[in-house]
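Letter by letter, the chains look like this.
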Amino acid sequence: MKRMVLAGSALVALGGCAAGQPYTGVEAGPTAVAESPAPAVVAPAAIPVPDNVLLADWTGPYGGVPPWDQVKLALFPEALQFAVEEQRREVAAIADNPDAPTFDNTIVALEKAGQRLGRVGTIYGLYTNNLSSPEFQAIREEWDPKLSAASDEVTLNPRLFQRIKAVYDARQGLGLDAKQLRLVEKTYESYVRNGANLEPAQKEQLATINQQLASAFGSFSNKVLADEGKYTVAAAGQLKGLPQDVQSAAKSAAAQRNLPAGQYAIVNTRSAVDPVLTFADNRALREKVWREFVNRGDNGDANDTNATIAQIVKLRADRARLLGYPSHAHWRMQDTMAKSPDRAMDLMMRVWPAAVAREKEEVADMAALARKSGFKGRIEPWDYLYYAEKVRKARYDLSQEELKPYFQLDNMVQAMFWSAGELYGYDFKENTGTVPVFNPDVRTFEVTNRKDGSLVGLWYLDTYARPGKRSGAWHSAYQPRIRLLGDDLVLNSNNNNFTKPAPGEPVLISLDDANTMFHEFGHALHYLTIDVNYPTFAGSQRDFVEYPSQVNENWLMTPEVLNRFAKHYKTGQPIPPALVAKIEKAKTFNQGYATVSYLSSALVDMKLHLKPDGVVDPDAFERTTLAELGMPREMVMRHRLPQFNHLFASDSYSAGYYSYLWSEVMDADTWAAFEGAGNVWDKTIAGRFKSMILQTGNETDRTEAYRAFRGRDPDATALLKRRGFPTN
Ligand SMILES: [Zn+2]
């Protein structure tokens with residue numbers, strides 16, 4: 001059943017580059033406790049559905065698509081109310097069924113429940129991420145807690161749980177196949193983990209905590225969004241060193257904000273800030289922009305998130321205690337591959353010292369070079385990217401600006417398609433204009449199987465930044481392929497925040513951005529490929545989900561992709577082999593910075609959520625923890641706590657930011673398999689990856705799926721090698 005998808009859509013969608021897979025770990029499934037005869041389905045009495053487009057079945061091509069063009073904010077309250085009530089009736093019919101509980105009348109029936117709420121939730125989730133206006137935020141404020149309550153009402157329903165438990169207890173004698181058995185176990189475990197076994201008074205307490213958390217999450221993300229709407233004003237004279245396209249973007253950002261001519265606006269998001277930190281010769285401007293960015297949510301004003309974080313961490317610790325776990329981290333990690341905080345910490349601490357050591361070498365290199373140019377002070381955090389770029393240029397004769405003309409956004413989209421065609425036999429054909437979209441700039445593509453032309457799904461691309469759209473890049477799942485529900489076409493999207501160019505101008509992106517596009521497209525390919533019977537299995541464990549996306553990044557830098565798609569935007573010439581060789585040579589450059597920036601965030605996350613009492617002063621906790629870890633003074637966390645959406649905009653990546661590293665162990669080890677074959681386009685390996693890893697969703701244990709694919713467990717050596725760290 002899709003009941004968590006609502007909470008889930010906020011969940012999924014809010015967490016960073018979240019995969020958007022409605023993995024909830026809840027959901028139920030099918031067959032008879034006793035060898036009961038045909039299950040008696042207790043149909044809810046027919047209640048007329050209000051005339052509200054959010055409640056209507058999706059119609060049109062591809063088995064029906066979301067009616068984005070007809071959504072009005074005023075329709076949400078009625079739609080949410082009705083869908084929640086309908087789910088309540090559906091669940092009551094299952095819980096109060098007079099027949100003995102069976103796999104079909106309990107577990108399968110639950111899998112089918114809440115579909116309308118799931119559809120409304122998909123649209124609600126889109127507004128949360130892509131179209132969040134003050135008017136919508138007011139709706140969320142009311143409805144996030146109500147949706148949390150609706151979800152708890154299901155999990156904490158004692159009659160329902162009794163039936164699930166009855167099926168679970170009898171499961172071995174029911175003649176279930178392996179997937180059905182797994183469904184029963186996953187369902188039961190999830191209900192227990194989420195409080196189904198608690199006493200009534202505790203259940204009430206739990207539901208209250210969950211509602212308070214839902215409110216706090218909304219409040220956190222609104223505040224961060226507000227601080228990301230800020231900008232730093234600069235004059236033309238301060239922009240020395242900035243590439244032309246960055247200056248143009250700052251100019252159009254200023255115009256959009258009605259600033260006087262001659263002024264430039266550096267918007268407070270990573271994609272606008274990083275180029276300034278990398279290229280601006282004006283040190284004072286760099287410092288100003290840097291401070292504004294790293295202090296999002298931390299300015300002691302109306303948008304300050306520290307109190308919200310303290311509240312969230314405390315509520316989480318209370319909830320974990322109520323549920324019988326030593327900490328929020330222990331609770332969150334129950335249904336992960338790592339299984340315990342210790343194992344995640346072990347992996348992180350295996351990499352951390354090497355990363356810090358490399359960072360110190362990088363700083364020494366930068367300091368030496370900076371001194372040569374007459375710089376007297378110390379390298380400060382706002383100097384890091386600037387001097388790193390200078391070292392890159394000096395050592396590898398390579399500048400990011402030299403690369404940019406070869407990485408045109410549209411060409412990279414075509415590169416992603418081509419690569420998916422070679423590996424998985426998918427074709428993508430643009431059909432923008434034939435289906436509704438939620439913004440005129442959104443493009444749509446029909447996905448088909450090359451071998452027989454059969455339809456796979458519909459993929460949306462929302463490329464440009466705009467007010468109300470959260471920062472970063474992510475994948476959103478609108479509809480998975482679920483055989484039980486008759487949904488065999490997938491609907492999903494990728495979302496970026498590139499600056500929209502003037503009409504007719506190309507969008508040139510950095511190599512990092514191209515990499516991010518391949519990453520998010522890896523999530524999309526995973527989701528397009530998942531083919532399962534039950535909604536519960538249409539997702540992945542949190543520390544598995546970044547594996548397919550990270551693997552997909554690898555194909556970007558192959559000669560086959562570069563020669564075809566990395567073409568100069570003016571001359572059309574492919575990127576020169578000498579330049580590719582330089583990129584290859586500089587592959588592990590600045591990995592100290594990248595790794596420390598990521599890992600410090602992941603370590604602080606885990607340590608914060610290991611606190612049993614959950615009592616923290618976020619600012620002080622961050623400072624002390626970083627000092628204990630030996631955080632280099634020239635660096636900050638990639639996401640400081642006051643703006644860490646992964647952790648505080650939902651539960652999704654809380655005690656889970658380590659997942660990227662966990663997934664990367666499998667990714668690097670998988671890429672080693674492709675390289676080992678002597679051809680990274682090897683159709684046999686790609687086919688095995690598709691059928692064993694991608695297609696299976698969460699139908700089988702992921703550790704075993706990996707073992708089946710690779711013939712052994714993943715080996716972390718490949719990851720250390722890739723980052724250029726010592727492997728001993
Ligand atoms: Zn991702």
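Let us look at the structure shown here. Residue numbers here run from 1 along each chain, matching the order of that chain's written sequence. Given that this is a predicted model, residues contribute local features only at a pLDDT of at least 70 and side-chain atom pairs are listed and counted only at 80 or more, while totals for whole chains, interfaces and linings are drawn from all residues. Hydrogen atoms and water are omitted, and side-chain values are computed over all heavy atoms in the structure.

1. Notes on the overall build of the protein chain
Helix numbers and strand numbers start at the N terminus; a helix is a DSSP run of H or I with at least 4 residues, a strand a run of E with at least 2. Assigned secondary structure in the protein chain consists of 28 helices and 7 strands. As defined in this context, the radius of gyration uses C-alpha atoms, and a globule is described by 2.2 Å times the residue total to the power 0.38. A globule of 728 residues ought to have a C-alpha radius of gyration of about 27 Å, and the protein chain, at 25 Å, matches this closely. Projecting the C-alpha coordinates of the protein chain onto the three principal axes gives extents of approximately 85 × 55 × 55 Å. Any residue under 20% of the maximum accessible area for its type is buried, any over 50% is exposed, and the rest in between are partly exposed; the area is computed with a 1.4 Å probe on protein chains only. Here the protein chain holds 728 residues, and 61% of them are scored as buried. The averaged location of the 87 negative side-chain charges in the protein chain is 4 Å from the averaged location of its 82 positive side-chain charges. When charges are counted, neither His nor the chain ends are considered; positive counts come from Lys and Arg and negative counts from Asp and Glu. A charge is said to be at NZ when it belongs to Lys, at CZ for Arg, at CG for Asp and at CD for Glu.

2. A look at the nonpolar core
Of all hydrophobic cores here, the largest spans 139 residues; its most connected members are Phe407, Phe428, Ile575 and Phe648. When residues of this core are assigned to their parent elements, the largest contribution, 13 residues, is made by helix α14 (residues 341–372). Residue contacts follow a heavy-atom distance rule, with two residues in contact if any of their heavy atoms lie within 4.5 Å. Apart from residues no more than four positions distant in its own chain, Phe407 is found in contact with Met412, Val507, Leu508, Ile509, Leu511, Ala514, Leu556, Leu562, Ala566 and Ile575. The set of buried Ala, Val, Leu, Ile, Met, Phe, Trp, Tyr and Cys residues whose side-chain atoms join them within 4.5 Å is what this entry labels a nonpolar core. Trp58, Tyr62, Tyr124 and Ala150 belong to the second largest nonpolar core, which has 33 residues in total.

3. Structural notes on helix α18 (residues 511–529)
Expected helix span is given by 1.5 Å per residue-to-residue step, counting one fewer step than there are residues. With 19 residues, α18 should reach 27 Å at 1.5 Å per residue; the first-to-last C-alpha distance of 27 Å fits that figure. Burial of α18 is extensive: 14 of the 19 residues sit out of reach of the surface.

4. Section: the pattern of salt bridges
One side-chain nitrogen of Lys or Arg within 4 Å of one carboxyl oxygen of Asp or Glu is enough to make a salt bridge. Counted by the stated rule, this structure contains 47 salt bridges. A salt bridge links Lys240 to Asp281; its shortest N-O distance comes to 3.3 Å. In this pair, Lys240 is assigned in the loop between β1 (231–235) and α9 (244–256) and Asp281 in the loop between α10 (270–279) and α11 (283–294), connecting sequence segments 41 residues apart. For Lys240, a relative accessible area of 59% puts it in the exposed group.

5. Focus: the packing of aromatic side chains
Aromatic pairs are defined between Phe, Tyr and Trp rings, using the six-membered ring for Trp, whenever the two ring centres lie within 6.5 Å; interplanar angles under 30 degrees are classed as stacked, those over 60 as edge-to-face, and all others as tilted. Tallied over the full model, the rule gives 43 aromatic pairs. With centroids separated by 5.2 Å and ring planes inclined at 80°, the aromatic side chains of Trp459 and Phe521 adopt a geometry described as edge-to-face. Taken together, the residues Trp459 in strand β5 (residues 455–464) and Phe521 in helix α18 connect sequence positions 62 residues apart. Note on accessibility: Trp459 and Phe521 belong to one class, buried. Judged by centre distance (6.3 Å) and plane angle (70°), the ring pair of Tyr534 and Phe537 falls under edge-to-face.

6. Describing the sheet that holds strand β6 (residues 474–479)
In this description, strands pair whenever DSSP reports at least two bridges between them. With respect to topology, 5 strands assemble into an open sheet ordered β3-β4-β5-β7-β6, the strand pairing being mixed. The outermost strands of the open sheet, each flanked by one partner alone, are β3 (426–430) and β6. The mean inter-strand angle of the sheet, taken between neighbouring strand axes irrespective of direction, is 25°. Both strand β4 (residues 443–449) and β5 contribute to a ladder of 6 bridges, which runs antiparallel. Considered in β5, the bridge of Val447 is made with Gly457. Across the face of the sheet, helix α17 (residues 409–424) comes into contact with β3, β4, β5 and β7 (490–498) while running at roughly 150° to β3. In this analysis, axes come from line fits to C-alpha atoms, helices being fitted only over the stretch in contact, and the angle between any two N-to-C directions falls in the range 0 to 180 degrees.

7. Concerning the pairing of β1
Because side chains alternate across β1, one face comprises the buried residues Thr232 and Ala234, and the other comprises Tyr231, Val233 and Ala235, none of which is buried. Pairing between β1 and strand β2 (residues 263–267): 5 bridges, direction antiparallel. Across the sheet, residue Val233 finds its bridge partner in β2, namely Ala265.

8. Comments concerning the packing of helix α3 (residues 103–112) against helix α6 (residues 158–169)
Running from N to C, α3 and α6 point in directions that differ by 115°, and their axes come no closer than 10 Å. Considering the relative orientation of α3 and α6, their crossing is left-handed. Residue-level contacts link Phe103, Asn105, Thr106, Ile107 and Leu110 of α3 to Leu160, Arg163, Ile164 and Val167 of α6. Following the grouping adopted for this structure description, the nonpolar residues are Ala, Val, Leu, Ile, Met, Phe, Trp, Tyr, Cys and Pro, the charged ones are Asp, Glu, Lys and Arg, and the polar ones are all others, Gly among them. For the contact of α3 with α6, a count of residues per class yields 6 nonpolar, 2 polar and 1 charged. Two helices crossing with the near one rotated counterclockwise from the far one by less than a right angle form a left-handed crossing, whereas a clockwise rotation gives a right-handed crossing.

9. Re the side chain of Ser663
Looking at the secondary structure, you find Ser663 in helix α25 (residues 659–676). What makes Ser663 buried here is its relative accessible area of 0%.

10. Section: unusual backbone geometry
The backbone of Asn258 shows a phi angle near 60°, a positive value even though the residue is not glycine. Counting through the fold element by element, Asn258 comes out in the loop between α9 and β2. Backbone geometry places Asn590, a non-glycine residue, at a positive phi of 65°. Relative to the helices and strands, Asn590 resides in the loop between α21 (577–585) and α22 (591–610).

11. A closer look at helix α15 (residues 384–396)
Over its 13 residues, α15 extends 17 Å from the first C-alpha to the last, a length consistent with the 18 Å expected when each residue adds 1.5 Å. Buried within α15 we find Tyr384, Leu385, Tyr386, Tyr387, Ala388, Glu389, Val391, Arg392 and Tyr396. Each element contacted by the buried residues of α15 is listed here: α10, α11, α14, α16 (400–403), α21 and α22. Among the residues trailing α15, Asp397 stands out with phi positive, at a value near 50°.

12. What to know about the packing of α10 against α11
Taken N-terminus to C-terminus, the directions of α10 and α11 make an angle of 150°; their axes are 9 Å apart at the nearest point. Between α10 and α11, the angle falls in the class roughly antiparallel. For the pair α10 and α11, the sense of crossing is left-handed. Of the residues in α11, those in contact with Arg270, Val273, Val276 and Leu277 of α10 are Leu285, Arg286, Val289, Trp290 and Phe293. Partitioned by chemical class, the residues of the contact of α10 with α11 number 7 nonpolar, no polar and 2 charged. Note on angle classes: values under 35 degrees are labelled roughly parallel, values over 145 roughly antiparallel, values of 65 to 115 roughly perpendicular, and the remainder oblique.

13. Remarks on the environment of Ser151
Looking at the secondary structure, you find Ser151 in helix α5 (residues 134–155). We classify Ser151 as buried; its relative accessible area is 6%. Residues Ser151 and Gln87 lie 64 residues apart in sequence; the distance between their C-alpha atoms is 9.6 Å.

14. Quick word on the pairing of β4
Most of β4 is tucked away, with 6 of its 7 residues classed as buried. Bridge count for β3 against β4 is 5 bridges, and the pairing is antiparallel. Counted as the bridge partner of Asp427 is Thr448 from β4. Where β4 folds back on β5, the antiparallel hairpin that results is connected by 5 residues, among which Gly453 adopts a positive phi of roughly 75°.

15. Quick notes on the environment of Val313
Looking at the secondary structure, you find Val313 in helix α12 (residues 306–322). Sequence spacing of Val313 and Asp227 is 86 residues, and the spatial spacing of their C-alpha atoms is 22 Å. Not counting residues within four places of it along the chain, the set of residues in contact with Val313 comprises Leu608, His609, Gly614, Val616 and Phe648.

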